[in-house]
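For reference, the chains in residue letters:
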Amino acid sequence: MDRTDGLTAVRAFVVSGPGRYGVVELTDPRPGPGEVLIAPAAVGICGSDLELLAGQRPADFACYPIVPGHEWSGHVVELGAGVDGLEVGQPVVAQGVRACDRCDRCREGRSNLCAGAYAETGFTHPGALAQRMTVPVALVHALPADRDIEPAALIEPAACVASGLLEVGMPAAGSRVAVVGDGPLGLLALQLLRLHTPADLVMLGHRPDRVGYGEACGATAVLVGAGGTEPELRGRFDLVVEATNSAPGAATALALARRGGTVLLLGISGSARPALDPDVISLGQLRVQGAFAAAPAAWRLVVALYAAGLFDPGALITHRFELAETPTALAVLGDRGVKTLKVLIRPN
């Protein structure tokens, strides 16, 4: 299907190497067979994008030069040969991990754990910080046209949370659940967990300005500065979700879990030193689950919740910038003195 926008070149934010980046013009992409051309409407940026700019991502998980942007929502512009089931103008999101679809993990539905070489939109393949991008149609999820497209950019991080929760099993109604961390992942976890009506849904954080966000996302209590070793908290919770990206946060999560409880570690601390006491896990007979990216089932779940109006992360968006302002947006995100949650770029 032919496009009608007439573009021959597009603007994109390109990271050519650690510390080297800017908005440039690129040749307008065209979709190949089985691909979809998309105009990104909203792109979320996060700590992993800052790592990409600084050259701090492991070598196997980044490729330069690269157009970042792995959290996004947009509209279909053109369909490549052999693509059906979508229409020009349709709002969409898409999975980021580009898996081999042949290994054992892919065949069991966990393509986020693909045994092939790592490949992901925004890190090894051109991402959404551009006026146009292409993605394989097999990764695309259609969204309803009557929902706001902007908050859908947060479906990707929410799917990462949901993927971990599906691995451990969603909590039973009436459970005691804690979330360690008051950043975007922790708040998204609250939004998903509250749908399962836990008796207690407690968030432990460090920023007083996040208390209201935690309550709005479903927390029954928000504790600022709690270390997790307080007698009234230690060993209390059936499920603990860690979303701090810190080794101490993971240790706190273990301390909060009851004997026989479950701990889900969403954060990646970057610490090369062991920080968890294995005896805490053994003596407490704890189940400790890691999480990496998002499985297709998690994407389907969050898209369905979004389409039904049961998941709406729009209140977490605190800053919006145009594509030309991307360097400023990244500086704002990295400034701990600025009260940010989710920072979005509008490429179009």
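Scoring rules and cut-offs
- Residues numbered from 1 in each chain as written.
- Predicted model: local features only at pLDDT ≥ 70, side-chain atom pairs only at ≥ 80, totals over all residues.
- Heavy atoms only, no water.
- Pairing = 2+ DSSP bridges.
- Helix = DSSP H or I, 4+ residues; strand = E, 2+ residues; numbered from the N terminus.
- Contact = heavy atoms within 4.5 Å.
- Salt bridge = Lys/Arg side-chain N within 4 Å of Asp/Glu carboxyl O.
- Buried < 20%, exposed > 50% of the residue type's maximum accessible area, 1.4 Å probe, protein only.
- Axes fitted to C-alpha atoms, helices over the stretch in contact; angles between N-to-C directions.
- Parallel < 35°, antiparallel > 145°, perpendicular 65-115°, else oblique.
- Left-handed = near helix turned anticlockwise from the far one by under 90°.

For the protein chain, the name recorded in an unreviewed UniProt entry is Dehydrogenase, with Rugosimonospora africana as its organism.

Asks: Would you mind going over the pairing of strand β14 (residues 317–322) in detail, with residue names and values included?
Replies: With 5 bridges connecting them, β14 and strand β15 (residues 342–346) associate as parallel partners. What sits directly across from Phe321, in β15, is Ile345.

Asks: Now, about the environment of Leu204: what can you tell me, with residues and values included?
Replies: Looking at where Leu204 falls in the secondary structure, it is placed in strand β9 (residues 200–205). For the pair Leu204 and Val137, spaced 67 residues apart in sequence, the C-alpha separation works out to 40 Å. When near neighbours in sequence (up to four residues on either side) are disregarded, Leu204 contacts Val179, Val180, Gly181, Asp182, Leu223, Ala226, Gly228, Leu233, Thr252 and Leu256.

Asks: Can you lay out the pairing of strand β2 (residues 20–27) for me, pointing to particular residues and giving the numbers?
Replies: Pairing between strand β1 (residues 9–17) and β2: 8 bridges, direction antiparallel. If you follow Val15 over to β2, its bridge partner there is Tyr21.

Asks: How would you sum up the pattern of salt bridges? Please name residues and give values.
Replies: Side chains bearing opposite charge may pair, as long as their charged atoms lie close to each other. Enumeration over the complete set of coordinates arrives at 13 salt bridges. The partner of Glu78 in a salt bridge is Arg30, and the shortest N-O contact between them spans 2.6 Å. In this pair, Glu78 sits in strand β4 (residues 71–79) while Arg30 sits in the loop between β2 and β3 (35–45), placing the two residues 48 residues apart along the sequence. Taking relative accessible area as the criterion, Glu78 reaches 5% and is therefore assigned buried. Among the salt bridges present, the one from Arg210 reaches Asp182, with a minimum N-O distance of 4.0 Å. A residue pair is termed long-range when its members are at least 10 positions apart, and Arg210 in the loop between β9 and α5 (211–216) and Asp182 in the loop between β8 (176–180) and α4 (184–193) qualify at 28 residues. Residue Arg210 shares its accessibility class with Asp182, and that shared class is buried. Several salt bridges converge on common partners, so that one network encompasses Arg105, Glu108, Arg110 and Glu167.

Asks: Provide a residue-level description of the packing of helix α3 (residues 155–168) against α4, including the pertinent values.
Replies: It is at 9 Å that the axes of α3 and α4 come closest, and there the two elements cross at 60 degrees. Judged by the inter-axis angle, α3 sits oblique to α4. Here the hand of the crossing between α3 and α4 comes out right-handed. Between α3 and α4, the contacting residues are Pro157, Ala158, Val161, Ala162 and Leu165 on the first element and Leu185, Leu188, Ala189, Leu192 and Leu193 on the second.

Asks: Can you explain the sheet that holds strand β12 (residues 257–265)? Please cite residues and give values.
Replies: Read from one edge of the open sheet, 6 strands run β10-β9-β8-β11-β12-β13, paired in parallel fashion. Each edge of the open sheet carries a strand with a single partner, namely β10 (221–224) and β13 (287–290). Strand after strand, the sheet turns through a mean of 15 degrees between neighbouring axes, direction not considered. Of the pairings in the sheet, the one linking strand β11 (residues 237–242) to β12 comprises 5 bridges and is parallel in character. Residue Glu242 lies in a different strand from β12, and its bridge partner there is Leu265.

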